[in-house]
Structure formats: C-alpha cells, structure tokens
Amino acid sequence: MKRQLPIIIIFILGVFMVFQYHIPHETSEFFYEFIALDWPPIIGMFALTLGIISLVRVSITRVRQRQDNWQYSIVTLVALTTIMAAGFIDTRGADAPPVRWMFDNMIIPVSSTMFSLLAFFIASAAYRAFRARSVLATILLVSAVIVMLRFFPLGPLTDPESELSRWILTVPNLAAKRAIIIGVGLGIVSTALKVVLGIERSFLGRD
Amino acid sequence: MATRRHFFIGSVIAACLSWALLTGTPASYAQEPSDSTAVDTTTAPAPIPPAPPSNVQATDTPNDNGHAIGVVWDLSADDIRGRNNVLMYEVLRTPKMEGPFPVDEVPADDPSYRIFASNAYGEAGWRFTSGEWDTVGQVPSGATSLENRGGKIRDSRDFIPDYVDFQYRVIAVTAEGGRASSPTTPPVHSRGHLFHLDRILHIGFPAVLYTVLILGFIGAAQRGRKLYIRPLAGIDAVDEAIGRATEMNRPILYVLGLGAADEIATIASFSILSRVAKKVAEHRTELLVPCYDAVVMSVAQETVKQAYLDAGRPDDYNEDIVYFVTQDQFPYVAAVNGTMLRRQTATNFYLGVFYAESLILAETGSLAGSIQISGTDRVTQIPFFVVACDYTLIGEELYAASAYLGREPKLLGTLKAQDWFKVCLLAVLGLGVVGAAFNVDWILAIFRMSL
C-alpha cells in the first residue's frame, strides 16, 4: 500500500490536470489553483524544516568526526543560528535591521562575487570552444566572430545592421533551438505520461 | 461751446494717437490680432466628424473562463479610405441592469461608482452604474476588434461579472477631435465555457494519438519485439564514470539542479539518480547529492534509500548522502564548488534544471579534473554544458536517459513512440510549409488557433 497509494494519487491528479487544461470554466480553475498553486508552498514550508534539520545534522556530523575542512561547518552553523536569531528577536522578519544588514552586506556581496566568476569562466570556456581543430569547430569559430562583431564596439568593424549576423541568429541558430524545444516538449509529454500511467516509477524507489 | 468741446475731444484723441505713435505702441498693435484670434476660436467650425464604424457586434469570448466580451466592427468609411482622418477607435460600455438594486455603498473618495449588493442573478459585490458609459479600450485606426477582458475577482477594478448584460458602442475619433459613434449593440453577457475547443483539437487530439502510440509500442515491446534505440554516448559513459570513481576511491557528485520537484526535468533526474545510486551502491562508492530545494531533497532521499535497498546494500545508506544546502542560487553554487574542490570528486552529474550557475559548476568540475555528465532541457544552458562537460544529454535525451539505463521494454516503448510521433510532427510541419508557401487557405485554417 505504501507504494500503491502514491501511484493512485499521481494517476488521479494527473488525469484531473489533463482534463482541467481543456476545461476553462471557473470551477475547473478553482481546483487548479487549489491543487497546483496553493498546496506546493504549504508542502514547501514543511519540507524547509526538514532541509534545515538535514543541514544542521550534516554540519554537526562533520564537526564531531573532524572530517576534512570541518571548520567550514562551524561557519555554516554560526551563520544559520545568527540570522535565525536575528529574525526571531526582531519580529519584522526579513525587514528587521540586523537581518537586512546581513543580507545587504554579506549575502549580496558574496552572491555577486560568485556571479562575477561567470565572466572569467565564459572566457575560458569560449577559448576551448573556439579552437579550430575540425571543420565544424572552424565553422563555429567563424560564426561566433561574425555575431560578436555585430555587438563589439570595434569601430569600422562593428556593424549593428549586419545581415549575415542576423541570418546566422535567425535561421540556422533558431532552427536548431526550435528542434531542441520540440524534442523537449515531446520528452516532457512522454515523461509525464509515463509518470501518470505508472510506467515510470523508479523515482518512487523501485523499478 | 459745442465747438470748444469738439476741439477738446479732438485734442485728447490726437494727443493719445501721438503718444501711441511716439511710444511705438507694440501692445496696441498686438492687441488686435489677439482679439481677432479669440474671435476666431469662438467662431471656429466644429471638427468634421468622420463616418462612424459600422456593423458593430459584441459577443461572448469563446473558450474562456468568462469575464470577457469581444467587440468587432467594420472600419469607418474615413479610415484608410475616404477622408482618411480616423486616428483611433474608442470602445465604450454600459451595463444594462434591470434594477432597482439596493445600493450598499457609495465610496466617499469616488462617488462616481456604486457597489451593488445584488442583481437578478444573485451575484454581489461589483460596481457599475446603469446608464453610464465607460471607455474600456482604445485601438489605433485600422483595427477592427477589441477584447474587453476583465478580472474575475469581484473586488478588482476591472471585474466583469458573468451573466450581466452589457451594451457597447464604438466611436471613431479624428486627430482634430471629431467623433462619430456607432449604434449601440444589443445586450450581451459573458459566461464561462465548459470546453476549450481549440485546445481539444490542437493539443488534446494529438495527445490522445501520442498516448495510443506509446501504449502500442509498449505492448509490442512486452510481446518481445526488438526495438532499436540509437546509443547515447552520455548514457554509455555512466558505467565508466562510476567505475572510475570506484577505482580512484573518490566520491561521485550528483547535482539535481535548481528546479522544483514538480518540474519534469527534475522528475527525469530523480529517475536517473535512482539508477545511478543503485550502481553506486553495488560498487560501494561514495555518493554526494547536495540539494537546492527541500522538497527535492526529501524525494531524493527516498529515491536513493530505495536504490540502496534494491542493490542489496541497505546498511551502506545514510541520510547524509542527500543533504540540503541552501535555497539561494549562488551560495548553493559556492557550496557545491567547494565540495568538488575539497573532496576531489571523480565524477560529477549535472542533470535537471539549470540557469546561470551551469557554467560555474561545470568549469569548476573541469578544473578539478572530474569526469562530467550533464543534461538539461534549458536551451540557453546546453552550450555551456557542451563546452565544459565530457558528455551532455541535449534536451529530450535527458528524459530518455532513464529508459536507456533501465532497458525495460515498457520504457523503451515510450522512446520508440516518441520517435514516431516526431515523424508525424514532421509531416504536419511539411503540410504547414506547403500551406504557407502556396497560401492554401484550408491548410492555414488548421494552424490557426487561440490557446
């Protein structure tokens, strides 16, 4: 029953959602909003508690067992308890000055730093991608140079109205993207059907 | 006496004229045209009204949840043709309510509307004043339709109640302010529809066909028919990658991405995780699954736990294999990158939904020397994975991976059905190309839809 019940629930709700999509009536929308929009945040809130428990347990285990770099786990635990305490002490929650200060002066700069790494990684990835080792790689390189010249401020070489660049983006590039999108769409329908019909149940734990 | 008086008056007039001439009197000269302008304004002819729009019809919008009425009309004779002076069309609406309704409230800050407590249909809580015309939209010249779509929440300003009659007028407006109104339409009301016919025809029908194909191929596979599936390098490399990690005695990192548990790509990733975890358990290799979403973590824990059980190694499972990190994008990336570099993971799987973090993760793994297998359905992230990973599952291959790994007839049948449905789609696309190229109306009509 532990395995059958989820499959039955998935089947009933899956079939309901298929019919709901084809029924625009307000009653149908009400059930959609109730099931698909209202329930996930409620479940998410309970799951977040489990997540925090998991994080605390993993961190404490690392510290207790003196695993490699266990000191980082202490930083994690201190940060978690500090920001939670700040939120509890000042009932304004996320708007509380201590929480806001930590968010503005610690979380945002660290996040921005991580994001800014992307620029360097793009440069290194582009270097690898554009090495003209084969015919296809050479075509990629030439296409990329043409497209980049459209946007780079390189004086007379820059041509924002470049028809060739526009053609590359709107014909071969767009055709490939659409082919992938159509494939993804079919894959989504296929996977959804497999899940709803109970054919794919490996994510429930057993093949 | 009279002569002296006339002389005096004449002298005063002459003095005034002389003073005016000597001081230049620009104001005096300027005054006259100004006066004449004022006279012109008051006596200017009214702007010439254009010909009104004709054949105005208001109908309930089909295939919707109600609260919308469509208005269509024929162009004014002076729009594009004739005097060609129509600037835009204004659409006006008035409720046709057969009261009297008990007035609940007249808001002090805006007495122009009233909130009616009830109407003939027993509905309550909206505000309309019978007989008042409200402008519900403006469209530029050349347009012949407008959808008056309102909200369904009664407290909202744009609420349109169902089953309440409205009448419409369309006014042609010129740049000079000339206006010409069409006749008022007969009363019409909106209502919710039970079926969305366009969706049933264009999505429901193909979905049924697709389901029949899937069930047909599953049946064929179960009857023992051999189904050829082209090999996928990324899937074939899974065993090799797990074997490498085992030989090197280093952990395997599995990243489920930033998607929620209800996203299909994440569900596909759960299926792959199940099969990867089973192989990992058989090889007794260490597995790390840092999670971004707490719900995803809960599902992944159950999936991995069951995989270890299936592999006959339930004692090797511990709850720290799948753990929650944070629900913040870049702190999550920092944590996963730190894990990669500190633990020197031998193999990294990135399967699921990814955004800007895809390249940061994959490049860090590449720098750490890990074998990397990735897969996502986000078109914008696929190039990053292709560049930085050893193997990439592109788009639909992510959804097919579980079937490849499982090699079960039922799952392989769905892949075969998917391929055949693509053939059908190609045929439909070809038909569309023919229709567009040769302007064949009946073909183009098939592709016209409002979803």
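Quick notes on the interface of chain B and chain A
Okay, so step 1: Facing the 67 residues of chain B at the interface are 55 residues of chain A.
Okay, so step 2: For the side of chain B that touches chain A, the element with the highest residue contribution is helix 6 (residues 294-310) of chain B, accounting for 10 residues.
Okay, so step 3: Taken together, the residues that form the side of chain B that touches chain A break down as 34 nonpolar, 18 polar and 15 charged.

Examining the packing of helix 4 (residues 97-129) of chain A against helix 7 (residues 329-343) of chain B
Okay, so step 1: Relative orientation of the contacting elements helix 4 of chain A and helix 7 of chain B amounts to 65°, with a least axis distance of 8 Å. In this view, helix 4 of chain A runs roughly perpendicular relative to helix 7 of chain B, as classed from their interaxial angle. Crossing hand, helix 4 of chain A versus helix 7 of chain B: left-handed. Two secondary-structure elements touch here, helix 4 of chain A through Val-110, Ser-111, Met-114 and Phe-115 of chain A and helix 7 of chain B through Phe-330, Pro-331, Val-333 and Ala-334 of chain B.
Okay, so step 2: Taken together, the residues of the contact of helix 4 of chain A with helix 7 of chain B break down into seven nonpolar, one polar and no charged.

Concerning the packing of helix 5 (residues 264-283) of chain B against helix 10 (residues 396-406) of chain B
All names here are of chain B.
Okay, so step 1: As a packed pair, helix 5 and helix 10 sit with axes 8 Å apart at the nearest point and diverge in direction by 25°. Taken together, helix 5 and helix 10 sit at an angle that is classed as roughly parallel. As helix 5 runs across helix 10, the sense of the crossing is left-handed. Where helix 5 abuts helix 10, its residues Ala-265, Ala-268, Ser-271, Ile-272 and Arg-275 lie against Leu-398, Tyr-399, Ala-401, Ser-402, Leu-405 and Gly-406.

Re the confidence of the model for chain B
All names here are of chain B.
Okay, so step 1: Averaged over all residues, the pLDDT of chain B equals 83, while 82% of them reach at least 70.
Okay, so step 2: Of the regions scoring below 50 in pLDDT, residues 20-40 engages in two contacts with residues more than four places distant in sequence or in other chains.
Okay, so step 3: Note that residues 116-125 has pLDDT below 50 and, in this model, 21 contacts with residues that lie over four places away or in other chains.
Okay, so step 4: Prediction confidence for the complex, expressed as pTM and ipTM, is 0.79 and 0.90 respectively.

Cut-offs applied
- Residues numbered from 1 in each chain as written.
- Chains lettered and ligands numbered in written order.
- Predicted model: local features only at pLDDT ≥ 70, side-chain atom pairs only at ≥ 80, totals over all residues.
- Contact = placed C-beta atoms within 7 Å.
- Helix = DSSP H or I, 4+ residues; strand = E, 2+ residues; numbered from the N terminus.
- Nonpolar A, V, L, I, M, F, W, Y, C, P; charged D, E, K, R; others polar.
- Axes fitted to C-alpha atoms, helices over the stretch in contact; angles between N-to-C directions.
- Parallel < 35°, antiparallel > 145°, perpendicular 65-115°, else oblique.
- Left-handed = near helix turned anticlockwise from the far one by under 90°.
- pLDDT = per-residue confidence, 0-100.

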